[in-house]
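Overview (structure and organization)
This is what each chain is made of:
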Amino acid sequence: MKLHQLALCTLLAVAAVPSHAVGRLVDVDVLDRATGAVLPVISHRGEYWIAGSPGRAYAIVLRNRVGERLLAVTAVDGVNVLSGETAGWDQSGYVLAPAHRYQVTGWRKSRSEVAAFAFASSDAAYASRTGRQDQVGVIGVAVFRERRPAAEPRWSPPEIDNRSNLDRDAGPGAGRRVAPSASASARDDASGEVRSERAAPAGQAEAGADANRTLGKALAQEAPAPRLGTAHGERESSWVTHTTFTRRHARPDDIIRIRYDTRENLIASGVIRMPPPPRVDPFPASAQAGYVPDPPPVRD
């Protein structure tokens, strides 16, 4: 049976001031894997931004804030990080157990490997190399609550169910296929904490693609350097298993969007506001009179 998907974001501040993670249900941070530091988030005109450096590997850190399982459909540059499809809500994401934290470190290649995320020029981004350059420069997480099971029915003799998994799982907000469960206990390389991940399907694509393309073109015209995207980096180990997940609603319960570019480009576009240079007085001693004196002698 073909598995439809594998189900397996810190924001808010003024100017370039570090801030806490955002998200009502899931905290999302972007982590510089070389330094272990969370990248500061900038709030600008209703959007959240981070400044990345070309060549630096990064991770998207997801932490479940509530006491129930959640599905986090995660996309980078408009591409689902698990399946490689152009991202939509009806695709796969990571299922997070209550209070669990997981680092999404790359494009998933199998149950045991990912290709690491690394900031790169937009033309070297995985999305651009696969003909999908319109959404380069954005990280998205769509969060779904799980539908609680109905009350236990009274016992009755078992029946043989000859329906396929596709038929059996059909229903409002239900996963269309049995998805992989990533309940493998593994060490989080950055924090040493045990992580637990799970996989499952999710909902529909976010609207506004035309507006994003227009804004992206405008920013590109202002940028003094190539825009930043996410490359398909080196392979590394990352284990997952599969599980099923039934969404409570067809639409996400929360959506987190973080845009990114180089610091140079964010300064040029006004996202990062630089303080004005110190005032320099061309006539600091305007009352001084006379002629130009000799400089002091040079000492041997």
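No experiment lies behind these values; they were computed from the predicted model shown. (Residues numbered from 1 in each chain as written. Predicted model: local features only at pLDDT ≥ 70, side-chain atom pairs only at ≥ 80, totals over all residues. Heavy atoms only, no water.)

Tracing the backbone shows V26 in strand β1 (residues 26–32). Once the C-alpha coordinates of V26 and R65 are considered, the two residues, 39 residues apart in sequence, prove to be 5.5 Å apart. Residues contacting V26, with those up to four places away along its chain left out, are L62, R63, R65, L70, L96, V143 and I256. (Helix = DSSP H or I, 4+ residues; strand = E, 2+ residues; numbered from the N terminus. Contact = heavy atoms within 4.5 Å.)

For the rest of this paragraph, the subject is the sheet that holds strand β4 (residues 58–64). Reading across from one edge, β1-β4-β8 is the order of the three strands in this open sheet, with antiparallel pairing throughout. A strand with exactly one partner marks an edge of an open sheet, and here the two such strands are β1 and β8 (101–104). Each strand axis lies, on average, 25° off the axis of its neighbour in the sheet, ignoring direction. (Pairing = 2+ DSSP bridges. Axes fitted to C-alpha atoms, helices over the stretch in contact; angles between N-to-C directions.)

Here the focus is unusual backbone geometry. Not every positive phi belongs to a glycine, and R45 is a case in point at roughly 50°. Relative to the helices and strands, R45 resides in the loop between β2 (42–44) and β3 (47–52). The class for R45 is exposed, based on a relative accessible area of 79%. The phi angle at D77 is positive, at roughly 55°, despite the residue not being glycine. Along the chain, D77 falls in the loop between β5 (70–76) and β6 (79–80). (Buried < 20%, exposed > 50% of the residue type's maximum accessible area, 1.4 Å probe, protein only.)

Following the sequence through the fold, G229 ends up in strand β15 (residues 228–237). Residue classification places G229 among the buried positions, given a relative accessible area of 0%. Spatially, the C-alpha atom of G229 lies 8.0 Å from that of Y260, the residues being 31 residues apart in sequence. For G229, the residues in contact, after removing those within four places along its chain, are D77, A118, F119, A120, S121, S122, A125, V136 and Y260.

Before going further, it helps to spend a moment on the packing of aromatic side chains. In total, this model carries six aromatic pairs according to the counting rule given. Their ring planes at 85° and their centres at 5.3 Å tell us that W107 and F117 sit as a pair that is edge-to-face. Taken together, the positions of W107 in strand β9 (residues 106–108) and F117 in strand β10 (residues 113–121) put the pair ten residues apart, joining distant regions of the chain. The same class applies to W107 as to F117, namely buried. Between W107 and Y126, the aromatic rings sit 5.0 Å apart at their centres with planes inclined by 45°, giving tilted as the arrangement. Of the two residues, W107 sits in strand β9 while Y126 sits in helix α1 (residues 126–129), which places them 19 residues apart along the sequence. By the ring-pair criterion, three or more aromatic residues cluster together here, those being Y58, W107, F117, F119, Y126 and Y260. For R247, the ring lying beneath its charged end belongs to F144, and the centroid distance is 5.4 Å. (Phe/Tyr/Trp six-rings, centres within 6.5 Å; stacked < 30°, edge-to-face > 60°. Lys NZ or Arg CZ within 6 Å of the ring centre and 35° of its normal.)

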